[in-house]
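# Coordinate inspection notes
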Amino acid sequence: MAQMVVAGIVAEYNPFHNGHAYLIEATRAAGATHIVAVMSGDFIQRGGPACAPKAVRANAAVACGADLVVELPLPYAMATAERFAFGAIGVLDGLGCVGVLSFGSETGDLGLLTRAAEAVLSPCCDELTKHLLAEGVTYARARQRAVETLYGEAVAEVLSSPNNTLAVEYLRQIFLRGLRMQPFTVQRKGALHDAGQADGSFASASLLRSLLDLEPLDAIARFVPPEAMEVYRSAESDGLFPFRPHSLDTAVLSALRQMAPETLASLPDLSEGLENRLYTAARQAVSLDGLLSLVKTKRYPLSRIRRLVWNAYLGVPGNLMQLPPPYVRILSSSRRGVEILSKSGRTAQLPVSHSAVRLEEKGEAAAQMIRLCARASDLYALGLPAVQPCGGDYTHKISVK
């Protein structure tokens with residue numbers, strides 16, 4: 001029997017498209033026999049709701065070649081690149097059988113990405129970054145300038161692209177944890193991240209979300225594998241897809257208007273009195289976009305403010321993302337995914353289950369995380385085309401494809 005080679009992929013699949021399928025195919029071609037994806041839940045890293053519930057997105061991924069999809073819990077899914085990678089690598093490592101980490105990047109040059117990861121791990125780089133932050137620039141810009149000063153323009157340029165930056169953070173986590181997980185990168189094919197135009201049959205997820213907001217579902221069919229389209233059409237008929245981007249805006253404003261500054265001060269990624277700025281803006285703004293505009297500054301980019309606002313709405317405590325992931329929750333699986341789970345039954349370092357009830361029993365941290373994710377899903381369900389009742393996380397069942 002051939003040796004099992006399990007590769008991990010970190011994803012949002014928001015929505016799953018041809019570029020995601022290409023990465024899975026390339027990972028298999030490189031020798032992976034089994035693929036597990038750790039995927040954001042109902043809320044995503046840039047801040048805000050996903051285009052479809054996590055179960056729908058997970059099922060689309062399994063229909064298109066992923067063998068097992070597990071959840072990246074909310075505190076890591078809607079966080080900085082550093083904490084996003086911390087949570088994702090922690091979940092994959094928790095299975096105890098992932099030997100390869102596969103990821104897309106703009107450069108496709110693993111050596112250059114590795115040098116960038118080693119650069120940001122340098123204490124000298126950290127000290128210079130802190131010094132540059134005093135000039136009022138964003139953390140990302142300060143760190144890039146520090147790397148350029150110490151390691152040169154070519155290495156620093158890696159940090160100017162979003163997928164490269166995430167790749168560097170994945171590598172950084174592998175180095176910090178001393179993991180034996182082998183990195184493998186595939187250069188992004190077709191449209192760039194957030195590109196406003198398609199490139200043949202490839203389009204960015206942001207363009208597809210824009211099409212979903214303005215056009216019928218079939219408008220994305222050229223850029224999405226047929227198997228995923230079948231899942232999306234079924235979800236659409238059930239009123240679960242697509243999520244309308246502004247359907248929860250009033251609820252978010254309502255929640256923020258009821259929060260005191262001291263409540264806002266406990267949110268993740270909040271510093272330097274930003275809670276007072278957010279408190280004032282929540283009382284002046286009459287739309288969510290207006291609120292974001294009032295809080296945003298040169299120092300605080302829009303993505304950070306978005307995450308802050310949605311974390312406030314969902315009640316994400318700032319301390320929770322500092323903890324390592326307490327479990328691995330299964331969202332969808334193929335028959336090969338069952339083989340991964342069988343192997344992880346002997347190697348897992350964390351509790352593994354699809355059942356929220358069972359995972360809730362695995363200690364205080366697990367219970368706190370499960371309840372937070374379940375509450376977020378309940379609030380997310382209010383914005384779906386067909387509003388859903390509470391409790392979906394506790395009744396969700398896995399159907400092996």
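Check the entry above for the structure.
First things first, this report covers the structure right here in the doc. What you are looking at is a predicted structure, and each value in this text was computed from that prediction instead of being measured. (Residues numbered from 1 in each chain as written. Predicted model: local features only at pLDDT ≥ 70, side-chain atom pairs only at ≥ 80, totals over all residues. Heavy atoms only, no water.)

### Describing the state of the cysteines
Across all of its chains, the model carries zero disulfides by this definition. The closest cysteine sulfur to the non-disulfide-bonded C51 is located on C64, 13 Å from its own sulfur. Overall, the relative accessible area of 6% leaves C51 in the buried class. (Disulfide = S-S within 2.5 Å. Buried < 20%, exposed > 50% of the residue type's maximum accessible area, 1.4 Å probe, protein only.)

### A word on the packing of aromatic side chains
Tallied over the entire structure, the rule returns nine aromatic pairs. Looking at R83, its charged tip hangs above the ring of F86, at a distance of 4.2 Å from the centre. (Phe/Tyr/Trp six-rings, centres within 6.5 Å; stacked < 30°, edge-to-face > 60°. Lys NZ or Arg CZ within 6 Å of the ring centre and 35° of its normal.)

### A look at helix 7 (residues 139-151)
Here helix 7 spans 18 Å end to end across 13 residues, near enough to the 18 Å set by a 1.5 Å rise per residue. Taken as a whole, helix 7 has its buried residues at A142, R143, Q144, A146 and V147. Of the residues flanking the end of helix 7, it is G152, one or two places downstream, whose phi is positive at about 100°. (Helix = DSSP H or I, 4+ residues; strand = E, 2+ residues; numbered from the N terminus. Expected span 1.5 Å × (residues − 1).)

### Details of empty space enclosed by the protein
If you walk through the whole model with that rule in mind, you get two cavities of 30 Å³ or more. In this structure, the largest cavity spans a volume of roughly 50 Å³. Lining the largest cavity are G41, D42, F43, K54, E71, L72, P73, L74, C373, A376 and S377. Those elements that place two or more of their residues in the lining of the largest cavity are strand 3 (68-72) and helix 19 (364-380). For the lining of the largest cavity, the element with the highest residue contribution is helix 19, accounting for three residues. For the lining of the largest cavity, a count of residues per class yields six nonpolar, two polar and three charged. Considered as a void within the structure, the second largest cavity measures approximately 40 Å³ in volume. For the second largest cavity, the full set of lining residues is M78, A79, T80, P268, D269, R304, R307, L308, N311 and M321. (1 Å grid on protein atoms, 1.4 Å probe; cavity = no way out; pocket = protein on both sides within 12 Å on 5 of 7 lines; lining within 4 Å. Points joined across faces, edges and corners; volume = space filled by probe spheres on them. Nonpolar A, V, L, I, M, F, W, Y, C, P; charged D, E, K, R; others polar.)

### Describing the nonpolar core
Core analysis: the largest hydrophobic core is formed by 97 residues, its most contacted members being V36, L74, L101, Y170, L278, L291 and V309. A per-element tally of this core places helix 4 (residues 81-95) first, with nine residues. When sequence neighbours within four positions are dropped, the list of residues in contact with Y170 reads V10, F84, A85, I89, L101 and F103. Grouped together as the second largest cluster of nonpolar side chains are 39 residues, C51, F223, A228 and L331 included. (Core = buried A, V, L, I, M, F, W, Y, C linked by side-chain atoms within 4.5 Å. Contact = heavy atoms within 4.5 Å.)

### A closer look at the pairing of strand 6 (residues 328-333)
Counting buried positions along strand 6 gives six out of six residues, so the element sits mostly inside the fold. As defined by bridge partners, strand 3 adjoins strand 6 across three bridges and the pair is classed as antiparallel. Each bridged residue has a counterpart across the sheet, and for L68 the counterpart in strand 6 is S333. Of the crossover connections in this fold, the one passing from strand 6 over helix 17 (residues 335-347) to the parallel strand 7 (residues 352-353) is right-handed. (Pairing = 2+ DSSP bridges. Right-handed = clockwise from strand over helix to strand, strands pointing away.)

### Some words on the pattern of salt bridges
Taken as a whole, this structure holds 13 salt bridges when the rule is applied. Between E169 and R172 there is a salt bridge, with its nearest N and O atoms 3.5 Å apart. Of this pair, E169 and R172 both sit in helix 9 (residues 162-177), separated by three residues, roughly a single helical turn. For the residue pair E169 and R172, the accessibility class agrees, reading buried in each case. Salt bridges linked by common partners bring K54, E71, R329 and D393 together as one network. (Salt bridge = Lys/Arg side-chain N within 4 Å of Asp/Glu carboxyl O.)

### Some points on the side chain of R172
The exposure class assigned to R172 is buried, which follows from its relative accessible area of 14%. One polar contact links R172 to E82, side chain to side chain, over a distance of 3.4 Å. Dropping the residues within four chain positions of it, R172 is found in contact with E82, A117, V120 and L121. (Polar contact = N/O pair within 3.5 Å; in protein donor to acceptor, adjacent residues only side chain to side chain.)

### Here we look at the side chain of D378
When you line up the elements, D378 lands in helix 19. Apart from residues no more than four positions distant in its own chain, D378 is found in contact with P389, C390, G391 and G392.

Fair warning: the whole summary comes from geometry, so function is off the table for now.
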